[in-house]
Amino acid sequence: MSDSSELEINTSCEVSVTIREAQLQDAKALSEVLTLSFHPAKGWSSFLQPILKLGVYEDLRSRLRGTLPYYRCLVAVEVNATPKQTQEKVIGTIELSVKSGFNCHYLYISNLAVTESHRRKGIAKQLLQKCEEIAVKWGYHTLNLHVLDNNYPAKKLYLSNGYQISETEITWTNWLFFRSQRLFLQKQIQTHVS
């Protein structure tokens, strides 16, 4: 016979990843993911990390509190479930919104970020797929985003998921300061008719 402490040790723990809409209470964890992804703490600039994180947090809270009909912030969470409790850990995010261009409106993806420990596990692809599903529901047939030309992992992710380079944005500041060019990518969404 086994005692109850042995049973507690052997209880199974299921780990899964879920994509859902972000909620206001996710803002702190999301700001951490975004800050570490876009402004990693390296060298002398690491002292700016708390200031950057606060700025990201306040911007995100403002968007999450907004009431724009065509805005979604999605969050990827790692769910650890045991018979007694369920815990969520934020591991990624993406935002989708309508932008205005010259005589048009288009869907734009921004702030795709996944924690370093969870990269290359298909989470970014799941977030992109969820944006496609939302776009179809909203009646859009294209998705757009920017990526820096020298961000090879992100560029590879987008190109392998059907995005194509639509425009290369060359500015005098990029040329003058030897900064990477921004690429404008676009994907035509395939709508499945049943």
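Residues numbered from 1 in each chain as written. Predicted model: local features only at pLDDT ≥ 70, side-chain atom pairs only at ≥ 80, totals over all residues. Heavy atoms only, no water.

## Quick word on the pattern of salt bridges
A pair can form between side chains of opposite charge whenever their charged atoms are brought close. All chains considered together, the criterion is met by nine salt bridges. Residues Glu 21 and Arg 72 are paired through a salt bridge, measuring 3.3 Å at the closest nitrogen-oxygen approach. Taken together, the residues Glu 21 in strand β1 (residues 14–21) and Arg 72 in strand β2 (residues 71–81) connect sequence positions 51 residues apart. A residue is classified by how much of its surface remains accessible, and Arg 72, at 22% relative accessible area, is partly exposed. Across the pair Asp 149 and Lys 155 runs a salt bridge whose closest N-O atoms are separated by 2.8 Å. What makes Asp 149 partly exposed here is its relative accessible area of 26%. (Salt bridge = Lys/Arg side-chain N within 4 Å of Asp/Glu carboxyl O. Helix = DSSP H or I, 4+ residues; strand = E, 2+ residues; numbered from the N terminus. Buried < 20%, exposed > 50% of the residue type's maximum accessible area, 1.4 Å probe, protein only.)

## Some details on the environment of Val 17
Inspection of the secondary structure puts Val 17 in strand β1. Here Val 17 falls in the partly exposed class, since its relative accessible area comes to 33%. Those residues in contact with Val 17 that sit more than four places away from it in its chain are Val 77, Ile 91, Ile 123 and Gln 126. (Contact = heavy atoms within 4.5 Å.)

## Concerning the packing of aromatic side chains
Inspection of the entire model under this criterion finds five aromatic pairs. On the numbers, 5.1 Å between centres and 90° between planes, the contact of Tyr 70 with Trp 138 is edge-to-face. Here Tyr 70 is found in the loop between α3 (49–65) and β2, whereas its partner Trp 138 is found in helix α4 (residues 123–138), with 68 residues between them in sequence. Overall, the relative accessible area of 17% leaves Trp 138 in the buried class. By relative accessible area, Tyr 70 is classed as partly exposed at 37%. The rings of Tyr 70, Trp 138 and Tyr 140 are connected pair by pair, giving a single aromatic cluster. (Phe/Tyr/Trp six-rings, centres within 6.5 Å; stacked < 30°, edge-to-face > 60°.)

## Quick notes on the layout of surface pockets
Counted as a void, the largest pocket has a volume near 1,300 Å³. Residue assignment for the lining of the largest pocket shows that the elements contributing at least two residues are α2 (27–38), β4 (104–114), α4, β5 (142–148) and α5 (152–160). Counting residues per element, the lining of the largest pocket draws most heavily on β4, at seven residues. Across the lining of the largest pocket, the residue classes break down as 19 nonpolar, ten polar and eight charged. Looking at the second largest pocket, its volume works out to about 200 Å³. Leu 34, Phe 38, His 39, Gly 55, Val 56, Asp 59, Leu 60, Arg 63 and Asn 111 together form the lining of the second largest pocket. When contributions to the lining of the second largest pocket are tallied by element, the ones reaching two or more residues are α2 and α3. Top element by residues in the lining of the second largest pocket is α3. It accounts for five residues. (1 Å grid on protein atoms, 1.4 Å probe; cavity = no way out; pocket = protein on both sides within 12 Å on 5 of 7 lines; lining within 4 Å. Points joined across faces, edges and corners; volume = space filled by probe spheres on them. Nonpolar A, V, L, I, M, F, W, Y, C, P; charged D, E, K, R; others polar.)

## With respect to α5
Listed in full, the buried residues belonging to α5 are Ala 154, Lys 155 and Tyr 158. Looking down the long axis of α5, one finds its buried residues gathered within 100° of arc, a one-sided arrangement. Opposite the packed face of α5, turned more than 90 degrees from it, sit the exposed residues Tyr 152, Pro 153, Lys 156 and Ser 160. Looking at the buried side of α5, the elements it contacts are β4, α4, β5 and β7 (182–188). Positioned one or two residues after α5, Gly 162 has a phi angle of 95°, which is positive. (Arc of directions from axis to C-beta.)

## Notes on the side chain of Thr 115
Following the sequence through the fold, Thr 115 ends up in the loop between β4 and α4. Classification of Thr 115 as buried rests on a relative accessible area of 18%. Ignoring sequence-local partners within four residues, the contact set of Thr 115 consists of Val 33, Val 90 and Ile 91.

## Examining the nonpolar core
Among the nonpolar cores identified, the biggest contains 28 residues, and Ile 94, Leu 96, Ile 109, Leu 127, Leu 143, Tyr 158 and Tyr 163 are the most heavily contacted of them. Elements that contribute at least two residues to this core include exactly β2, β3 (86–101), β4, α4, β5, α5 and β7. If you tally residues by element for this core, the top one is α4, at eight residues. Setting aside chain neighbours within four positions, we find Tyr 158 in contact with Leu 112, Leu 128, Leu 145, Val 147, Tyr 163 and Leu 185. In terms of nonpolar packing, the next biggest core, distinct from the first, is built from 15 residues, Ala 27, Val 56, Leu 60 and Leu 64 among them. (Core = buried A, V, L, I, M, F, W, Y, C linked by side-chain atoms within 4.5 Å.)

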